[in-house]
Amino acid sequence: MRTESASPFLWSDPQRLGGRVCFRGTRVPVDALFENLEDGVGVDEFLEAFEGVTRDQVIGVLEAAREALAETPGV
C-alpha cells in the first residue's frame, strides 16, 4: 500500500525500497540528497545525476528539514 505524504515533494511505499521516503514521482530516496550533500556534491550536480528530481523538490525538502530543526527544542 502506497503511503501518501502531506508533502507535495515526497512519497513512500512499504513495498518499495524498504519504505524509504522518496522524491514524489521518482524512486530516488531523499536520503540520497543528504548523502550527496555530505560528500560535497552540490545541488546542481545532484540534479544532473538524478534527472527525475526537480529543483523545487530539493528546495522543498531542505526547507522542511530546516523548519523541523528550528522547531526541535534543545538542538
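Look above for the structure.
All values derive from a computational prediction rather than experimental measurement.

Draft legend 1. Representation of unusual backbone geometry. In this model, Leu 17 sits at a positive phi of 50°, which is unusual for a non-glycine residue. Residue classification places Leu 17 among the partly exposed residues on the basis of a relative accessible area of 31%.

Draft legend 2. Structural view of the packing of aromatic side chains. Overall, the coordinates contain 2 aromatic pairs when judged by the stated rule. Taken together, a centroid distance of 4.7 Å and an interplanar angle of 35° make the contact between Phe 46 and Phe 50 tilted. In this structure Phe 50 comes out as partly exposed when scored by relative accessible area, which is 25%. Cluster of aromatic residues (ring-pair linked, three or more members): Phe 23, Phe 46 and Phe 50.

Draft legend 3. Expanded view of helix H1 (residues 30-38). If you check which residues of H1 are buried, you get Val 30, Ala 32, Leu 33 and Asn 36. Looking straight down H1, one finds that the buried residues subtend no more than 155° of arc, so they occupy a single side.

Draft legend 4. Representation of the side chain of Gln 57 within the structure. Along the chain, Gln 57 falls in helix H3 (residues 55-70). Of the polar contacts made by the side chain of Gln 57, one reaches the backbone oxygen of Arg 24; its length is 2.8 Å. A distance of 2.8 Å separates a polar side-chain atom of Gln 57 from the backbone nitrogen of Thr 54. Apart from the residues within four sequence positions on either side, Gln 57 is in contact with Phe 9, Phe 23, Arg 24 and Gly 52.

Draft legend 5. Summary view of the nonpolar core. With 11 residues, the main nonpolar core is built from Leu 10, Phe 23, Val 28, Val 30, Ala 32, Leu 33, Phe 46, Leu 47, Val 53, Val 58 and Val 61. Breaking this core down by element, the ones donating at least two residues are H1, helix H2 (43-49) and H3. If we skip the residues at most four places from it in the chain, Val 53 touches Phe 23, Thr 26, Val 28, Phe 46, Leu 47 and Val 58.

Draft legend 6. Up close: the pattern of salt bridges. A full pass over the atoms with the stated rule returns 2 salt bridges. Asp 31 is the partner of Arg 20 in a salt bridge, and the nearest nitrogen-oxygen pair spans 2.7 Å. Here Arg 20 is found in the loop between strand E2 (10-12) and strand E3 (22-23), whereas its partner Asp 31 is found in helix H1, with 11 residues between them in sequence. Overall, the relative accessible area of 38% leaves Arg 20 in the partly exposed class. Since its relative accessible area comes to 33%, Asp 31 is described here as partly exposed. The partner of Arg 55 in a salt bridge is Asp 44, and the shortest N-O contact between them spans 2.1 Å. In this pair, Arg 55 sits in helix H3 while Asp 44 sits in helix H2, placing the two residues 11 residues apart along the sequence. Classification of Arg 55 by relative accessible area gives partly exposed; the value is 42%. Judged by relative accessible area, Asp 44 falls into the partly exposed class, the value being 45%.

What counts, and at which threshold
What you see as residue numbers is a count from 1 along each chain, following the sequence as written. Side-chain atom pairs in this predicted model are given and counted only at pLDDT of 80 or more, local residue features only at pLDDT of at least 70, and totals for whole chains, interfaces and linings cover all residues. The side-chain quantities take in all heavy atoms of the structure and omit both hydrogens and water. Remark: exposure states derive from per-residue accessible area (1.4 Å probe, protein chains only) relative to the maximum for the residue type, with buried under 20%, exposed over 50%, and partly exposed in between. Stacked, edge-to-face and tilted labels apply to pairs of Phe, Tyr and Trp rings (six-membered ring for Trp) whose centres lie within 6.5 Å, assigned for plane angles under 30 degrees, over 60, and everything in between, in that order. The numbering of helices and of strands both runs from the N terminus, where a helix is a DSSP run of H or I of at least 4 residues and a strand a run of E of at least 2. It is the directions from the helix axis to the C-beta atoms whose arc is reported. Between N or O atoms, a polar contact is any pair within 3.5 Å; within protein, one atom must be a potential hydrogen donor and the other a potential acceptor, and residues adjacent in sequence are included only when both atoms are from side chains. The contact criterion used is simple: two residues touch if any of their non-hydrogen atoms lie within 4.5 Å. We define the nonpolar core as a collection of buried residues of types Ala, Val, Leu, Ile, Met, Phe, Trp, Tyr and Cys that are connected through side-chain atoms lying within 4.5 Å of one another. In what follows, salt bridge is the name for a side-chain nitrogen of Lys or Arg lying within 4 Å of a carboxyl oxygen of Asp or Glu.

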